[in-house]
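Now for the letters of each chain:
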Amino acid sequence: MVWSSGSGVPAQHDGTPPMRLVAVTHGRPSSANREAVIRLVDGVASRRPDIDVAITFVDASHADVAAALEADAEPDAVIVPLVLSAGFHVRTGLSLGLDRLGDGARLADELGPDDRIVEVLAERLDELGLAEGDAVLLAAAGSNDPRAVRECFETSRLLAQRLGRPVTVGFIAAAIPRLPDAIEMIREVHPGSRVVVGPYLLAPGTFYDAAAAAGADLIAEPLLLPDEPAPHPLIDLVLDRYESVDASHWERA
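Note that the structure is predicted; figures quoted are calculated from it, not measured.

**Considerations on the packing of aromatic side chains**
For step 1, the next point in the chain: Under the criterion given, the structure shown has 1 aromatic pair.
For step 2, the next point in the chain: Ring centres of Phe 153 and Phe 171 lie 5.7 Å apart, and the angle between their planes is 65°; on these two criteria the pair is classed as edge-to-face. Separated by 18 residues along the polypeptide, Phe 153 in helix H5 (residues 146-163) and Phe 171 in strand E7 (residues 167-171) bring together distant segments of the chain.
For step 3, the next point in the chain: Residue classification places Phe 153 among the partly exposed residues on the basis of a relative accessible area of 38%.
For step 4, the next point in the chain: Among the residues examined, Phe 171 registers a relative accessible area of 0% and is labelled buried.
For step 5, the next point in the chain: The ring centre of Phe 57 lies 4.4 Å from the NZ or CZ of Arg 34, which sits over that ring.

Right, here's the structure in full:
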């Protein structure tokens with residue numbers, strides 16, 4: 001499915017047509033998830049009305065990510081994956097989709113790890129009322145891709161640095177330690193401390209519901225919410241991912 005925003009008015013780069021920014025999500029979004037992600041894309045389109053901004057929802061049950069992308073995107077697009085850590089399936093599928101689109105399309109980096117994500121994670125925990133004696137646990141979706149798992153641990157390191165306290169990682173699926181095991185371990189090591197979860201999740205949905213049911217004392221909101229404008233740092237991040245690809249294109253042109 002494709003949803004578009006922005007003015008659609010071409011910007012000029014020395015007479016060369018601009019590229020489109022196509023934000024791609026991978027999953028089976030609930031209505032809350034969809035609305036939260038659309039708010040992020042709305043924020044990007046509002047910030048840059050000179051470019052054409054669109055979003056593609058690729059269903060997680062779709063076996064061929066490349067075919068779905070080929071059907072929805074355009075040959076001159078910059079594809080920005082709206083994922084915090086790109087696992088093998090998404091990374092490989094998007095690359096194959098670009099091959100089918102031709103030489104004009106380019107793939108930007110995934111969103112994380114990045115200090116701007118950590119900034120929003122810290123704000124969500126602060127909104128929750130994080131106290132001095134609380135034990136913080138970063139809940140990540142998980143992946144079979146070792147690179148994606150390492151990126152989650154890097155985010156926990158950055159968050160620990162930001163908060164000035166240790167941050168443990170627990171995975172909802174596909175990687176270890178699993179979130180309930182990580183919660184149990186923290187309670188054994190820090191009896192009496194509240195276990196507070198910061199979800200390393202872009203928006204509400206199945207993974208957030210699983211994290212909320214894992215047994216922690218408190219869980220913060222995800223990075224994006226359906227009833228709030230997208231945080232400015234995340235809008236900046238999406239545009240940076242786009243502009244890094246766009247700039248390299250015009251330098252070569």
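**Digging into the pattern of salt bridges**
For step 1, the next point in the chain: This model, assessed by the stated rule, comprises 15 salt bridges.
For step 2, the next point in the chain: In this structure, Arg 48 and Asp 50 form a salt bridge, with 2.8 Å as the shortest nitrogen-oxygen distance.
For step 3, the next point in the chain: On the basis of relative accessibility, which here comes to 27%, the residue Asp 50 falls in the partly exposed class.

**Quick look at the sheet that holds strand E9 (residues 218-219)**
For step 1, the next point in the chain: Spatially, the 4 strands line up as an open sheet ordered E7-E6-E8-E9, and their pairing is parallel. Strands at the two margins of the open sheet, each flanked by one partner only, are E7 and E9.
For step 2, the next point in the chain: In terms of strand pairing, strand E8 (residues 195-200) meets E9 through 2 bridges, oriented parallel. By the bridge assignment, Val 197 is partnered in E9 with Ile 219.
For step 3, the next point in the chain: Taken strand by strand, helix H4 (residues 115-128) contacts strand E6 (135-140), E8 and E9, and its axis lies near 145° from that of E8.
For step 4, the next point in the chain: In the packing of H5 onto the sheet, contacts are made with E6, E7 and E8, and the angle to E7 comes to roughly 150°.

**Points about the nonpolar core**
For step 1, the next point in the chain: Counting 53 residues, the largest nonpolar core has Leu 21, Val 80, Leu 82, Ile 117 and Leu 224 as its most contacted members.
For step 2, the next point in the chain: Discounting chain neighbours no more than four positions away, the residues touching Leu 21 are Val 44, Ile 51, Asp 52, Val 53, Ala 54, Val 78, Val 80, Val 238, Leu 239 and Tyr 242.
For step 3, the next point in the chain: If you look at the next biggest cluster of nonpolar residues, it comprises 15 residues, including Ala 135, Ile 172, Ala 211 and Ile 219.

**Some words on the environment of Arg 147**
For step 1, the next point in the chain: Within the secondary structure, Arg 147 sits in helix H5.
For step 2, the next point in the chain: Look at Arg 147 and you get partly exposed, because its relative accessible area is 35%.
For step 3, the next point in the chain: C-alpha separation for the pair Arg 147 and Ser 85, spaced 62 residues apart in sequence, amounts to 8.3 Å.

**Observations regarding the packing of H4 against H5**
For step 1, the next point in the chain: For the pair H4 and H5, interaxial distance at closest approach is 9 Å and the crossing angle is 55°. By the angle between their axes, H4 is oblique relative to H5. With respect to the hand of their crossing, H4 and H5 are arranged in right-handed fashion. Mapping the contact onto sequence places Asp 115, Val 118, Glu 119, Leu 121, Ala 122 and Leu 125 in H4 and Thr 155, Leu 158, Leu 159, Arg 162 and Leu 163 in H5.

**Re unusual backbone geometry**
Only a minority of non-glycine residues have a phi that is not negative, and only a minority of peptide bonds are not trans.
For step 1, the next point in the chain: Going from Gly 112 to Pro 113, the amide bond is cis rather than trans, its omega being -10°.
For step 2, the next point in the chain: At the junction of Ile 176 and Pro 177, the peptide bond is cis and its omega measures out at 5° in the coordinates.
For step 3, the next point in the chain: Of note, Pro 177 is situated in the loop between E7 and helix H6 (179-189).
For step 4, the next point in the chain: Phi is positive for Ala 174, close to 75°, though the residue is something other than glycine.

**Comments concerning the confidence of the model for the chain**
For step 1, the next point in the chain: Per-residue confidence for the chain averages 85 on the pLDDT scale, and 75% of its residues sit at or above 70.
For step 2, the next point in the chain: Low pLDDT, under 50, characterises residues 5-17; the predicted model gives this stretch 18 contacts beyond four residues in sequence or across chains.

**Quick word on the environment of Leu 202**
For step 1, the next point in the chain: Mapped onto the secondary structure, Leu 202 falls in the loop between E8 and helix H7 (206-212).
For step 2, the next point in the chain: Here the alpha-carbon distance between Leu 202 and Ile 117, two residues 85 residues apart in the chain, equals 9.4 Å.
For step 3, the next point in the chain: Ignoring anything within four residues of it in the chain, the contact list for Leu 202 reads Leu 82, Leu 84, Leu 111, Pro 222, Leu 223 and Leu 224.

Cut-off values and rules
Residues numbered from 1 in each chain as written. Predicted model: local features only at pLDDT ≥ 70, side-chain atom pairs only at ≥ 80, totals over all residues. Heavy atoms only, no water. Phe/Tyr/Trp six-rings, centres within 6.5 Å; stacked < 30°, edge-to-face > 60°. Helix = DSSP H or I, 4+ residues; strand = E, 2+ residues; numbered from the N terminus. Buried < 20%, exposed > 50% of the residue type's maximum accessible area, 1.4 Å probe, protein only. Lys NZ or Arg CZ within 6 Å of the ring centre and 35° of its normal. Salt bridge = Lys/Arg side-chain N within 4 Å of Asp/Glu carboxyl O. Pairing = 2+ DSSP bridges. Contact = heavy atoms within 4.5 Å. Axes fitted to C-alpha atoms, helices over the stretch in contact; angles between N-to-C directions. Core = buried A, V, L, I, M, F, W, Y, C linked by side-chain atoms within 4.5 Å. Parallel < 35°, antiparallel > 145°, perpendicular 65-115°, else oblique. Left-handed = near helix turned anticlockwise from the far one by under 90°. pLDDT = per-residue confidence, 0-100.

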